[in-house]
Every structure is written in structure tokens, then in C-alpha cells.
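The chain contents come next:
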Amino acid sequence: MKIFSAHQIYEADKFTIEKQQISSDELMERAATKLFEWIHSRLRGTSVNIQLFCGIGNNGGDGMALARILKENEYAIQVHVVNYSEKRSKDFLLNLERLKDRKVWPDFINSDSTFPEIAPNDIVVDALFGIGLNRSPDTWVGNLMKYINASKAFVLSVDIPSGLPMHRGPWDPSFVIRANYVLSFQVPKLVFFLPQTGIYVDQWEILDIGLDKEFLNKADTDFELIDREQMLSVYKPRPKFSHKGTYGHAVIVGGSYGKIGAVHLASRACLQSGAGLVTALVPQCGYLPLQTAVPEVMVLAKDREKELSNMEIPFKPTVVGVGMGLGVHEETVSAMGSLLKEVKSPMVIDADGLNIMPKHPEMLQEVPELSILTPHPKELERLVGPWKDDFEKLDKVKAFSQKHHVIIVIKGAHTITVFEEKGYVNTTGNPGMATAGSGDVLTGMITALIAQGYEPLHAATFGVYLHGLAGDMGASQKGYEALTASGILENIGNAYLNFLRPQEVEVKE
Ligand SMILES: NC(=O)C1=CN([C@@H]2O[C@H](COP(=O)(O)OP(=O)(O)OC[C@H]3O[C@@H](n4cnc5c(N)ncnc54)[C@H](OP(=O)(O)O)[C@@H]3O)[C@@H](O)[C@H]2O)[C@@H](O)CC1
Ligand SMILES: [K+]
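In this report, we go over the structure that sits alongside the text. (Residues numbered from 1 in each chain as written. Chains lettered and ligands numbered in written order. Predicted model: local features only at pLDDT ≥ 70, side-chain atom pairs only at ≥ 80, totals over all residues. Heavy atoms only, no water.)

Structural notes on the overall build of the chain
Phase 1: A count of helical and extended segments in the chain gives 18 helices and 18 strands.
Phase 2: Seen along its three principal axes, the alpha-carbon backbone of the chain occupies a region of about 85 × 45 × 45 Å.
Phase 3: The 509 residues of the chain split such that 56% are buried.
Phase 4: Accessible surface, the chain: about 22,500 Å² in total, of which carbon and sulfur atoms supply 52%.
Phase 5: On the chain, the mean spot of the 50 positive side-chain charges and the mean spot of the 61 negative ones are 2 Å from each other. (Helix = DSSP H or I, 4+ residues; strand = E, 2+ residues; numbered from the N terminus. Buried < 20%, exposed > 50% of the residue type's maximum accessible area, 1.4 Å probe, protein only. Areas by Shrake-Rupley, 256 points an atom, 1.4 Å probe, with all protein chains shown as cover. Lys, Arg positive; Asp, Glu negative; His and termini not counted. Charge placed at Lys NZ, Arg CZ, Asp CG, Glu CD.)

Below, the structure written as C-alpha cells:
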């Protein structure tokens, strides 16, 4: 699913109005009707007090139109117009008049007003600002947001939590509505998925307001959501007459004394994700534990006992995954330099494989094109430098990807895979996966997919998606706290099965 910028949404809006020959207020009416249907299907006429806080633009207009439909359906409502500007939108004014025609008189909140009381059982509809927010809300408006946040009421935001801009972090993090639920029109918004702004959104859902499908399909967006449907188009079924050679020979290079477990996890994940053959290249201390624990993995133990000083591979592997538990010993660093010179096809580079790079920038030049780098936030900062907000981070990663022609997997709650100009936002996974070794499993999985012939970008997005799904299945058995990297690994098979199972189709009433 594509993620549109504010500008693109306004364009889609304009295009739809022209093509469908409707007026802008008809589109607003559609939006408000969808909002109403969502609320009504849950409340079914329950006598609950609904307080609508409406701005003076089109987001506020949506709120006003919703208020009217709620009133027509005999819900108890109170409408507050938050008068933050004299520049009221045409459709806001139209809906204000329509509301007055129904004998509903909103109260107007200004900078010197006392805020209305909000009871714990009330529902607050937040229609202050939508995607048009372009500067910090005034202090009194920010204080109203804080006041709403401090209430115990359930907060339902229209389109986007008010106070969140579409293109940058908030000016003041306390001047943003914390939404229990966001009903977002037509397309998801990037801010829902970023660490600094996603915290304002507990749950979100898309309401289809009938924007022109052709326009939406044609549009080229900077970001996309990675979901099951899209991954199904990437998935490569295994043909009957295949053999282990069909699925490649992956080499996992890593480990040092006390950190052989990282290679163990990555190698097993690589096998369980479908690689034909897996060889682990480790220092001597890794030989016995790996041969004992994972009989399916072949082990190449190099000369040194405690760390790798030589990463020579005596055959031509399909793909190399490197870095987990490697350490940064001087000789390991130089062995890594030689490995990068040797390998010409895309690699997967993680952990210490990445930590080595910033101190040896010449190595970055040797990284094969289309390699996949999988940094966590600290490793990423070492690679691209610090950022002031998530948007600057994404810009820096895009520039880095373009410069080095590599794929970067920014690990996080919503892992984002960046390749050149574009970011792919993952939708699977959970907080239980923030645990030791989780990244080693991911590296093994992505390596396995490349071994099987997936092109690197697909290997990265599909690997991230499956890894999250395996984590979700693990968490459903054990809960977040008890989930370990082994728990993720054990669920790779279940993740594939779940992914390939035909999904139940939701029947709409
Ligand atoms: N396209 C769609 O799919 C549909 C969209 N719809 C709805 O429209 C919403 C977008 O509406 P919108 O453009 O009128 O902007 P909105 O967010 O209501 O802000 C209002 C105005 O406030 C101003 N302003 C900005 N920052 C400010 C600040 N800090 N303090 C004070 N003022 C500030 C700024 O105007 P300015 O003063 O800069 O000229 C801005 O224009 C969208 O989220 C959705 O709910 C639906 O109706 C149906 C179809
Ligand atoms: K809003």
C-alpha cells in the first residue's frame, strides 16, 4: 500500500473532484459518513456523550459534518469550534451553517476561554488539524491538546492526530493529540510508523472515501507499506523437481569467543528460511558447538582460536552473510577488508560487520552493489551521522543508499528498508522482538532468501516481513517478555505457513 505525501493527497482530492464531477463538500460528506458508520457500528446507539473539537479548516469541516450525522441519529453531542484562525475554509463554513440549521449551536473556544469539562466516559473526536498543519499550534491551542490528553476520555482522531505535521517532527512534542484510534482517509500516513511520531497513535484504520483509484495506482510515492498481499507477489514457490543446489549455498561469516551463539542463530535461521546449503565460517572455538548443535550446517573453522583473522572461502558461495558476533579485533578487521575485495555479489552485512565500516571508510567503497546493510539505530548513526528527527534520518539514509548503491534495513518497531529514493515500511513484528539475537536471525533469513534467488531488495523486504511474522507468532504463544531469538527462529516455518494460507475474507454487513 502506498504512503502519500500531503501534497499528493491534495492532488488526489482535486483529481477525484474533477473526474467524478462532485463538489468538495460532497467528498467531505463521504468522509463524514464513513466516520459515522465506523462509530455507529461500534456504539449502536449507546448513550455516550460525544465531544467534537473542530478546527476551522477541512479537518474541522469533517468534524462538523460528522456532528450533524451523529445528531440526526440521536447521539448526544457537544460541538466545540476551536477558533485558531480567522481563515475558515469554505466547506467548514458550509457545514457550520448546516449544523445550525439542525439547531445545534457549537461553542467557540478562543485563547481566553475556559476549556469544557471532559468526563472519563466521554468520547472525544479530535478534528482540530488534519494534513494542513504547517506551523506550531499557538500555545493556547497546544494547551487544549494537553488538556484533552490529560482526560481519561477515549480520543478518536480524524485523519491524523492533531498537531502532527506530515513532513517533519512536531515543533513541540507536548502539543500533539495522543489518539486512541485514528481513522485516516484513504491512505496511511508515514508519521504513524516512525519512532518519534508513531507514539501518538495507538491504533489506526483506513477509511475508503472513494478517491480515484487510477490516480492512486499510478502515483509514484516515496514510501510504501509492506503487507501480505505485496509479499505474495514476491514469493517464489518451490518447484517439485528442484534439489538443494537450486536453493543456493549460503556462507555465514561471524563469531568470536563467547559470541558463537550469534552464528548459531543466523545459520539455523538461514536453513529454516530455505537455503539449500549453509556453511558457517568461524574461529576454532566455534567448531565443536556448531557441529554439535546444528548438524545440518557445515563448519569451516579458521586458524585462530578466539577470533577470525582469515575469511577466505575455498569455493564460490551464492551469498555471504557477515558480521554477527564478529568482534572488532585488528586482524578480524583486515580479514573483513579482504573478504569485501573477494566477494563481488550482493552480501548481507550486520552488527560488527557494520561497526567496522565507519572507522575504515575505504571498506565502504568495496561493499558489492545491492548489498544489504541491517543496522540498529546506534549502528546506523555511526554510518550516516546523527539526525535531528526521523525525517532527516530517512533523508540521510536515502542519500547513503544512493551514494553506495546499497540497501539499508533500518531496524525498529516498523523496520524501514531503504533503497535509493524509496522506503518500504514493514507492518509485522512486536516489542517482544527487541531481544538479543533477533537481528542475527534476521540476517540469516535475508541471506537465505538471496541464496534462493530472490533479488536483494525483495530478499530484504520479504525477510523483514517474515521475521516480524515469526516474532508475532512466537509472541502469541509466549507473550512479549518471554520471546527470545530462538522463539522467533522456531516460528519461521509457522510464519511461512501463515503467510501462504488463504486468508479469510471479511464479510461486510
Ligand atoms: N484530501 C482528502 O482526502 C480529503 C481531506 N479532507 C480533510 O481535509 C483535511 C485537510 O484540510 P485543510 O487543508 O483545510 O487543513 P487542516 O489540517 O484542516 O488545517 C486548516 C488550516 O489551518 C491553517 N494552519 C496550519 N497550521 C496552523 C497552526 N499551527 N495554527 C493555525 N492555523 C494553522 C492552515 O491554513 P493557513 O493559515 O496556513 O492558510 C490550514 O489549511 C484532511 O486532513 C481531512 O481531514 C476531507 O474533508 C475529505 C477529503
Ligand atoms: K485531526
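Details of the coordination of the potassium ion (ligand 2)
In an ideal octahedron of six donors the angles at the metal are 90 or 180 degrees, and in an ideal tetrahedron of four donors they are 109.5 degrees.
Phase 1: Taken together, Asn59 (OD1), Asp126 (O), Phe129 (O), Val158 (O), Ile160 (O) and Ser162 (OG) make up the full set of protein donors to the potassium ion (ligand 2), lying 2.6 to 3.1 Å away.
Phase 2: Considering all 6 donor atoms around the potassium ion (ligand 2), the spread of angles at the metal, 67 to 177°, places the coordination shape in the irregular class.
Phase 3: Written as a sequence motif, the donor arrangement for the potassium ion (ligand 2) is N-x66-D-x2-F-x28-V-x1-I-x1-S. (Donors = N, O, S within 2.8 Å, 3.2 Å for Na, K, Ca; no water. Tetrahedral: all angles 85-135°; square planar, octahedral: opposite > 155°, others 65-115°.)

A look at the sheet that holds strand E2 (residues 49–54)
Phase 1: The 7 strands are arranged E4-E3-E2-E5-E6-E7-E8 in an open sheet whose pairing can be described as parallel. Edge positions in the sheet fall to strand E4 (107–109) and strand E8 (201–207), since each of these pairs with one other strand and no more. Neighbour to neighbour, the strand axes of the sheet diverge by 25° on average, direction disregarded.
Phase 2: By the bridge criterion, 3 bridges tie strand E6 (residues 154–158) to strand E7 (residues 179–185) in an arrangement that is parallel. Looking at E7, one finds that Ser157 is bridged to Val182. (Pairing = 2+ DSSP bridges. Axes fitted to C-alpha atoms, helices over the stretch in contact; angles between N-to-C directions.)

A few points about helix H13 (residues 377–384)
Phase 1: Turning to H13, its buried residues are Glu379, Leu380, Leu383 and Val384. An end-on view of H13 places all buried positions within 115° of arc, on one side of the element.
Phase 2: Buried positions along H13 lie against helix H11 (352–359), strand E15 (372–373), helix H14 (390–404) and strand E16 (407–410).
Phase 3: Of the residues flanking the end of H13, it is Gly385, one or two places downstream, whose phi is positive at about 90°. (Arc of directions from axis to C-beta. Contact = heavy atoms within 4.5 Å.)

Remarks on the site of ligand 1
Phase 1: Close to ligand 1 lie 24 residues; Tyr10, Asp62, Lys87, Gly130 and Asp159 are nearest.
Phase 2: Between ligand 1 and Lys87 there is a distance of 2.3 Å, counted from an oxygen atom to a side-chain nitrogen or oxygen.
Phase 3: Contact distances for ligand 1 include 2.8 Å between an oxygen atom and a side-chain N or O atom of Asn134.
Phase 4: Expressed as a share of its isolated accessible area of 930 Å², the protein-covered part of ligand 1 is 88%.
Phase 5: Of all elements in the fold, only helix H1 (6–19), helix H2 (24–43) and helix H3 (58–72) reach the threshold of two or more residues within the shell around ligand 1. (Near = heavy atom within 4 Å. Polar contact = N/O pair within 3.5 Å; in protein donor to acceptor, adjacent residues only side chain to side chain.)

Digging into the pairing of E2
Phase 1: Buried residues dominate E2, accounting for 5 of its 6 residues.
Phase 2: The pairing of E2 with strand E3 (residues 76–82) spans 6 bridges and is parallel. Across the sheet, residue Leu52 finds its bridge partner in E3, namely Val79.
Phase 3: Handedness of the E2-H3-E3 crossover: right-handed.
Phase 4: Looking at chain direction, E2 and strand E5 (residues 123–127) are connected through 5 bridges and run parallel. Along E5, the bridge assignment pairs Gln51 with Val124. (Right-handed = clockwise from strand over helix to strand, strands pointing away.)

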